[in-house]
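Descriptive structure summary
Letter by letter, the chains look like this.
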Amino acid sequence: MKVKKLFFLIGFFMVACSPAAPVQNPVTEADEAKKLNKRPLNIILMIGDGMGLTQISAGLYRNGNKLNLERFPVIGLHKSYSSSDLVTDSAAGATAFASGVKTYNGAVGVDKDAVSVPTILEEAESKGLATGLVVTSSITHATPAAFYAHVRSRDQYEDIAADFMKTDIDLFIGGGRQYFERRKTDDRDLWKELEAKNYVISALAKQELSDVVLDFNKNFGFFTAEGDPVPTASGRDYLPAASRLAPVFLNQRSKSKGFFLMIEGSRIDWGGHANDSQYIIDEMLDFDKAIGAVLDFAAEDGNTLVIVTADHETGGYAIMLGSSTDSIVPGFTTKGHTASMIPVFAYGPGAELFGGIYENTAIFKKMRAALNF
Ligand code: MG
Ligand code: ZN
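Report follows, based on the coordinates. These numbers come from a predicted model, not from an experiment. (Residues numbered from 1 in each chain as written. Chains lettered and ligands numbered in written order. Predicted model: local features only at pLDDT ≥ 70, side-chain atom pairs only at ≥ 80, totals over all residues. Heavy atoms only, no water.)

Some points on the sheet that holds strand β4 (residues 171–175)
An order of β5-β6-β4-β3-β7-β1-β8-β13-β2-β14 is seen for the 10 strands of this open sheet, with the pairing classed as mixed. Taken across any chain shown, the strands that pair with only one partner, and hence form the sheet edges, are β5 (199–203) and β14 (356–359). Strand-to-strand twist across the sheet, computed as the mean angle between neighbouring axes with direction ignored, equals 15 degrees. Contacts from helix α13 (residues 361–371) reach β1 (42–48), β2 (74–79), β7 (259–265), β8 (304–309), β13 (342–347) and β14 within the one sheet, and its direction differs from that of β14 by about 105 degrees. (Pairing = 2+ DSSP bridges. Helix = DSSP H or I, 4+ residues; strand = E, 2+ residues; numbered from the N terminus. Axes fitted to C-alpha atoms, helices over the stretch in contact; angles between N-to-C directions. Contact = heavy atoms within 4.5 Å.)

Quick notes on the coordination of the magnesium ion (ligand 1)
The protein atoms donating to the magnesium ion (ligand 1) are Asp49 (OD), Thr143 (OG1) and Glu264 (OE), with metal-donor distances spanning 2.0 to 2.2 Å. Along the chain, the residues that donate to the magnesium ion (ligand 1) are spaced as D-x93-T-x120-E. With Asp49 in the loop between β1 and α3 (53–62) and Glu264 in strand β7, this residue pair connects regions lying 215 residues apart in the sequence. For the residue pair Asp49 and Glu264, the accessibility class agrees, reading buried in each case. (Donors = N, O, S within 2.8 Å, 3.2 Å for Na, K, Ca; no water. Buried < 20%, exposed > 50% of the residue type's maximum accessible area, 1.4 Å probe, protein only.)

Topic: the environment of Ala161
Note on placement: Ala161 falls in helix α7 (residues 157–164). Counting along the chain gives 137 residues from Ala161 to Ala298, while the straight-line C-alpha distance between them is 31 Å. Filtering out sequence-adjacent residues up to four positions away, Ala161 remains in contact with Thr140, Tyr179, Phe180, Arg183 and Leu190.

Observations regarding α7
For an α-helix the count is 3.6 residues per turn, leaving residues at separations of three or four pointing the same way. Within α7, 6 of the 8 residues are buried, which leaves it mostly tucked inside the rest of the structure. Those residues of α7 not exposed but buried are Glu158, Ile160, Ala161, Ala162, Asp163 and Phe164. On its buried face, α7 sits against β3 (130–138), α6 (142–145), β4, α8 (178–181), α9 (190–196) and β5.

Right, here's the structure in full:
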């Protein structure tokens, strides 16, 4: 009797002390499809890098207590952790959305064993949908890269640019032209190769985005800068315009077969890393303008599912006592990311799938279910 009791206690102790093993959401695409009322033709996935609830709240209060995010009828929460860390990075976070797998921090388009995993953008392309990427980082940065590249580490920018050449993305707007034009690891001129692949490419030094004449028979590429484009407070203003242009272009390109577009407000995260509240708010409000442009398109189109979320929160940002709508008194707990759950906003046909609490990988499954992939 005593021995039995001892074993029971030891067992209880072991269970109580073992780390909480995260349980993957077992919901499948087929389960999701049953909940669907009407299928969307197009998906626009918008990622605010580092955009936690406080980043959204600070933007809201400093914008006269209103945001375009309030136009979304369905709101959920996702669990952002990666396979290696409770606190994810952007590479693992974007790979979860793009490919539906939890992977290690730093991984781009590969699983936890560094094996390539297909992405929803690649699948969309193979099924004849038009595809696009609009970012305020370089186009080879972790978040966009996870939708088309497959490398062990997010730092492999030239390898990521080389993987870009294996796709046929109809539209891209972002920085990072040096990884295409002046490569250190080989002699390829990927700008020329892109032109040979039916791209019309422009760059901000030569042309404003608003001056570009669209040719719907060709792919569209627009480089905004070498490396990462500047903060919006330093004059970067293309994201809302690009977010207005991209759906219209892709809608034409797709010839009614649908499109998949990812738009990233890349630099909300930079503001968090810098523990700079005004930087966060400026980038948040720029991203919200882009959201407004996309919602206007979706409202008129009626066949577009719009999803807005973030990969993770950055800065452990807080709005402290003494704050007002004119001035936020910020607090930060880290120069890095945090593991709090992240809001998901959905609008349009298929939005009904996005209520509730689920893994970040479920967003991939829900998008695939909505598109009937
Ligand atoms: Mg990013
Ligand atoms: Zn970050």
